[in-house]
Amino acid sequence: MMVIMQQGATEEQIRHVMERLEAAGVKPHPSRGEFVTVIGAIGDDRELVASLALEAEPGVEKVVPILKPYKLVSTDFRGGTDVVVEVAGRKVGNGSFGLIAGPCAVETREQTLTAAHAAKDAGASMLRGGAYKPRTSPYAFQGLGAPGLDILREAREETGLPIVTELMNLRQLDDVLDVADVVQIGARNVQNFDLLREVGQAGVPVLLKRGMATTIEEWLLSAEYVAREGNPNVILCERGIRTFEPATRATLDISAVPVTKSLSSLPVIVDPSHAAGKRDYILPMARAAVAAGADGLIVEIHPAPEHALCDGPQALHTETFDEWVADIRRIVDVMGKVIAGDGSVPVGA
Ligand code: PEP
Ligand code: MN
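About the thresholds
- Residues numbered from 1 in each chain as written.
- Chains lettered and ligands numbered in written order.
- Predicted model: local features only at pLDDT ≥ 70, side-chain atom pairs only at ≥ 80, totals over all residues.
- Heavy atoms only, no water.
- Disulfide = S-S within 2.5 Å.
- Donors = N, O, S within 2.8 Å, 3.2 Å for Na, K, Ca; no water.
- Helix = DSSP H or I, 4+ residues; strand = E, 2+ residues; numbered from the N terminus.
- Buried < 20%, exposed > 50% of the residue type's maximum accessible area, 1.4 Å probe, protein only.
- Salt bridge = Lys/Arg side-chain N within 4 Å of Asp/Glu carboxyl O.
- Pairing = 2+ DSSP bridges.
- Axes fitted to C-alpha atoms, helices over the stretch in contact; angles between N-to-C directions.
- Arc of directions from axis to C-beta.
- Contact = heavy atoms within 4.5 Å.
- Polar contact = N/O pair within 3.5 Å; in protein donor to acceptor, adjacent residues only side chain to side chain.
- Near = heavy atom within 4 Å.
- Areas by Shrake-Rupley, 256 points an atom, 1.4 Å probe, with all protein chains shown as cover.
- 1 Å grid on protein atoms, 1.4 Å probe; cavity = no way out; pocket = protein on both sides within 12 Å on 5 of 7 lines; lining within 4 Å.
- Sits in = over half its atoms within 2 Å of the grid points.
- Nonpolar A, V, L, I, M, F, W, Y, C, P; charged D, E, K, R; others polar.
- pLDDT = per-residue confidence, 0-100.
- Points joined across faces, edges and corners; volume = space filled by probe spheres on them.
- Domains from an automatic or database assignment.

### Section: the state of the cysteines
Argument step 1. Considering all chains together, one arrives at zero disulfides under this definition.
Argument step 2. Cysteine C310 is unpaired, with the sulfur of C104 as its nearest cysteine sulfur at 3.2 Å.

Next comes the structure, spelled out in structure tokens:
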């Protein structure tokens, strides 16, 4: 870290800071300028910056960390190799494209099985669907809960598609882990650190949505919570952030794809459904995401969007979903990637 002293900091204040650094086991290197003294300290400063709290010392202007605040999920840690998250033989990352599709919420057995078959027939890699739904209004449909998980289990048995489903709190952990091949942590829970630690300990692959007001650095620190528990299998998902623009439900931060991939070894997928909020925008946004280098997509589909209990306006029709996928597959091809589990290639390719 670099400790920048205030103009006019006394010799005693400088010495005191140096002594504190030495006591913490790092060697201080002072550079004395005409006006300001800067003390450099080489070493892993991730814990030191917070634990020393040198900014609170008299005479200190600012402390500048040198290392990124996250470590295990950074590109530096793995020397440039990507994490490939493998789910029931389907890989996400390093050229293998994860296409996840399904309803926003599990509503009925028939609705979910229809969506599951449409996803499978179109060549999707995994099935999504929430049994527990985080809704803004307490009067809105909250999900079927445990019976919804049973329907997802049946959908996997019928189609063979791995299940991605959301975990909202620790009370649901065992039930969700019993069904989920990938546990989704939603935008509203991205900084629920207890939940992140638990899914880290569970060792299950995690789909970690970006929060609607979360910086990329904060999002990566959330992923670091999971990785620190010994679970590197995190798929990051950009799903739009809050901006001043009301024309779409959120603003899809396409730049988050290349930026996050340059900072982290984790696969990054995009959810154009929640970013757009409107069906017609989802294809162009999905195309852009694939072209920007996304490692996958997660999209909502429904057999009768006009009757959906949750997110109908953004649901793609199951009937024409194969055409939608055919369009996206062309761009996946151009990017030199292959949809994981796509019928045209062996599972696990
Ligand atoms: C969802 O995927 O259904 C969902 C609620 O997404 P988000 O957490 O991104 O809002
Ligand atoms: Mn939804």
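### Some points on the coordination of the manganese ion (ligand 2)
Argument step 1. Distances from the manganese ion (ligand 2) to its protein donors, C104 (SG), H274 (NE2), E300 (OE) and D311 (OD), fall at 2.0 to 2.4 Å.
Argument step 2. Binding-site remark: the manganese ion (ligand 2) is held by donors from one chain whose sequence spacing is C-x169-H-x25-E-x10-D. One end of the pair, E300, is in strand β14 (residues 296-302); the other, D311, is in the loop between β14 and β15 (316-317), and 11 residues separate them in sequence.
Argument step 3. Under the relative-accessibility criterion, E300 is labelled buried at 1%.

### Section: the pattern of salt bridges
Argument step 1. Counted according to the given criterion, the structure contains 19 salt bridges.
Argument step 2. The residue D295 makes a salt bridge to K261 at a minimum N-O spacing of 2.7 Å. Taken together, the positions of D295 in the loop between α10 (279-291) and β14 and K261 in helix α8 (residues 256-263) put the pair 34 residues apart, joining distant regions of the chain.
Argument step 3. Taking relative accessible area as the criterion, D295 reaches 3% and is therefore assigned buried.
Argument step 4. Look at the salt bridges and you will find they share partners, linking D44, R46 and K71 into a network.

### So, the sheet that holds strand β3 (residues 37-41)
Argument step 1. Strand order across the open sheet formed by four strands is β2-β3-β1-β4, with antiparallel pairing between neighbours. Both edges of this open sheet fall to β2 (28-32) and β4 (60-64), since each of them pairs with a single strand only. Between one strand axis and the next, the sheet turns through 20 degrees on average, direction left out of account.

### Details of helix α2 (residues 45-52)
Argument step 1. Regarding α2, the residues found buried are D45, L48 and L52. One side of α2 holds all its buried residues, which, seen down the axis, span an arc of 60 degrees. Summarising the geometry of α2, the exposed residues directed more than 90 degrees from the buried face are E47, A50 and S51.
Argument step 2. In the core, the buried residues of α2 are packed alongside α1 (11-23).
Argument step 3. The opening residue of α2 is D44, an N-cap whose side-chain oxygen sits 3.1 Å from the backbone nitrogen of R46.

### Re the site of ligand 1
Argument step 1. Taken together, the residues surrounding ligand 1 are C104, R128, K133, E166, Q184, G186, A187, R188, K209, R239, H274 and E300.
Argument step 2. At 2.8 Å, a side-chain N or O of R128 approaches an oxygen atom of ligand 1.
Argument step 3. In the model, an oxygen atom of ligand 1 is placed 2.8 Å from a nitrogen or oxygen of the A187 main chain.
Argument step 4. Bound to the protein, ligand 1 loses 97% of the 300 Å² it would expose on its own.
Argument step 5. A molecule is said to occupy a pocket when more than half its atoms come within 2 Å of that pocket's grid points, and by this definition ligand 1 occupies the second largest pocket.
Argument step 6. Partitioning the shell around ligand 1 into residue classes produces two nonpolar, three polar and seven charged.

### Points about the confidence of the model for the protein chain
Argument step 1. Of all residues in the protein chain, 98% attain a pLDDT of 70 or more, and the chain-wide mean is 96.
Argument step 2. Within the protein chain, the lowest mean pLDDT, 86, falls on α2, and the highest, 99, falls on strand β13 (residues 268-270).

### So, the layout of surface pockets
Argument step 1. Estimates place the volume of the largest pocket at around 370 Å³.
Argument step 2. Along its surface, the largest pocket is lined by 13 residues, and R46, E47, P69, E224 and R228 are the ones closest to its centre.
Argument step 3. Tallying contributions element by element places helix α7 (residues 216-228) first for the lining of the largest pocket, with four residues.
Argument step 4. By residue class, the composition of the lining of the largest pocket is five nonpolar, no polar and eight charged.
Argument step 5. Looking at which domains feed residues into the lining of the largest pocket, each of domain 1 (2-64) and domain 2 (85-339) supplies at least three.
Argument step 6. In this structure, the second largest pocket occupies an estimated 220 Å³ of space.
Argument step 7. Surrounding the second largest pocket, 17 residues form its lining, P134, R188, R249, H274 and D311 being those nearest its centre.
Argument step 8. Here the residues of the lining of the second largest pocket are counted per class, giving four nonpolar, four polar and nine charged.

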